[in-house]
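The residues making up each chain are set out below.
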Amino acid sequence: MPDAYFKYRIFTLYSKSLPLDLACRVWDVFCRDGEEFLFRTGLGILRLYEDILLQMDFIHIAQFLTKLPEDITSEKLFTCITSVQMQNSNKKWAQVFASLMKDNKEGDKNHSPALKS
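All values reported here derive from a predicted model rather than from experimental measurement.

Participant: Which residues make up the side chain of Ser-74, and what are the values?
Facilitator: Tracing the backbone shows Ser-74 in helix α6 (residues 74-83). Within the local environment of Ser-74, its side chain forms a polar contact with the side chain of Arg-25, the two groups lying 3.1 Å apart. Apart from residues no more than four positions distant in its own chain, Ser-74 is found in contact with Leu-22 and Arg-25.

Right under this line is the structure:
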């Protein structure tokens, strides 16, 4: 089930969970740096709110991550994102992102109502 939330964040580029100004900054850096930044952003958000999230159950975590606090500052978020070190020895991030896109398209086909002629 967590992969459903992860895909949602990736495909919306955090535009629904982050305040607009931060979502715009994430979009800008994504356009500059590529897909890896999206993964680092997700991990940075988890690191930023780690203490709070560890005290919650799954349902409350999902609700919290769906709409992050409006008082989140860009400095704190980008500091956490910058501190995330990623190693991608097995796959390139473009391959991981393409795999997520493929999985999402297949999921959409399985859940969309059939068109009747």
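Participant: I'd love a proper account of the pattern of salt bridges, names of residues and values included.
Facilitator: Applying the stated criterion to the full structure yields 2 salt bridges. Here Arg-32 and Asp-33 are joined by a salt bridge, their closest N and O atoms 2.7 Å apart. Taking relative accessible area as the criterion, Arg-32 reaches 64% and is therefore assigned exposed. You can call Asp-33 partly exposed: its relative accessible area is 42%.

Participant: Can you lay out the nonpolar core for me, pointing to particular residues and giving the numbers?
Facilitator: Within soluble globular proteins, side chains that are nonpolar tend to cluster in buried spots. Counting residues in hydrophobic clusters, the biggest one holds 20 residues, and the most contacted among them are Leu-18 and Ile-45. Elements with a contribution of two residues or more to this core: α2 (20-33), α3 (36-48), α5 (58-66) and α6. In terms of residue count, the dominant contributor to this core is α2 (5 residues). Once you skip the residues sitting within four places of it in the chain, Leu-18 turns out to touch Ala-23, Val-26, Ile-45, Lys-67, Leu-68, Ile-72 and Leu-77.

Participant: Go over the packing of α2 against α3, please, and point to the residues and values.
Facilitator: With their axes 8 Å apart at the nearest point, α2 and α3 run at an angle of 140° to one another. As far as their axial angle goes, α3 and α2 are oblique. Residues Val-26, Val-29, Phe-30 and Asp-33 of α2 touch α3, and the partners they reach there are Phe-37, Leu-38 and Thr-41. Taken together, the residues of the contact of α2 with α3 sort by class into 5 nonpolar, 1 polar and 1 charged.

Participant: Let's hear about the packing of aromatic side chains: which residues, and what values?
Facilitator: Under the criterion given, the structure shown has 3 aromatic pairs. Arranged with centres 5.7 Å apart and planes meeting at 50°, the rings of Trp-27 and Phe-30 form a pair that is tilted. Residue Trp-27 and its partner Phe-30 are both found in helix α2; the two are separated by 3 residues, about one turn of the helix. For Trp-27, a relative accessible area of 42% gives the class partly exposed. Here the aromatic rings of Phe-37 and Phe-78 are separated by 6.1 Å at their centres, their planes lie at 25°, and the arrangement is stacked. Of this pair, Phe-37 sits in helix α3 while Phe-78 is found in helix α6, placing the two residues 41 residues apart along the sequence. You can call Phe-37 buried: its relative accessible area is 4%.

Conventions and cut-offs
Residues numbered from 1 in each chain as written. Predicted model: local features only at pLDDT ≥ 70, side-chain atom pairs only at ≥ 80, totals over all residues. Heavy atoms only, no water. Helix = DSSP H or I, 4+ residues; strand = E, 2+ residues; numbered from the N terminus. Polar contact = N/O pair within 3.5 Å; in protein donor to acceptor, adjacent residues only side chain to side chain. Contact = heavy atoms within 4.5 Å. Salt bridge = Lys/Arg side-chain N within 4 Å of Asp/Glu carboxyl O. Buried < 20%, exposed > 50% of the residue type's maximum accessible area, 1.4 Å probe, protein only. Core = buried A, V, L, I, M, F, W, Y, C linked by side-chain atoms within 4.5 Å. Axes fitted to C-alpha atoms, helices over the stretch in contact; angles between N-to-C directions. Parallel < 35°, antiparallel > 145°, perpendicular 65-115°, else oblique. Nonpolar A, V, L, I, M, F, W, Y, C, P; charged D, E, K, R; others polar. Phe/Tyr/Trp six-rings, centres within 6.5 Å; stacked < 30°, edge-to-face > 60°.

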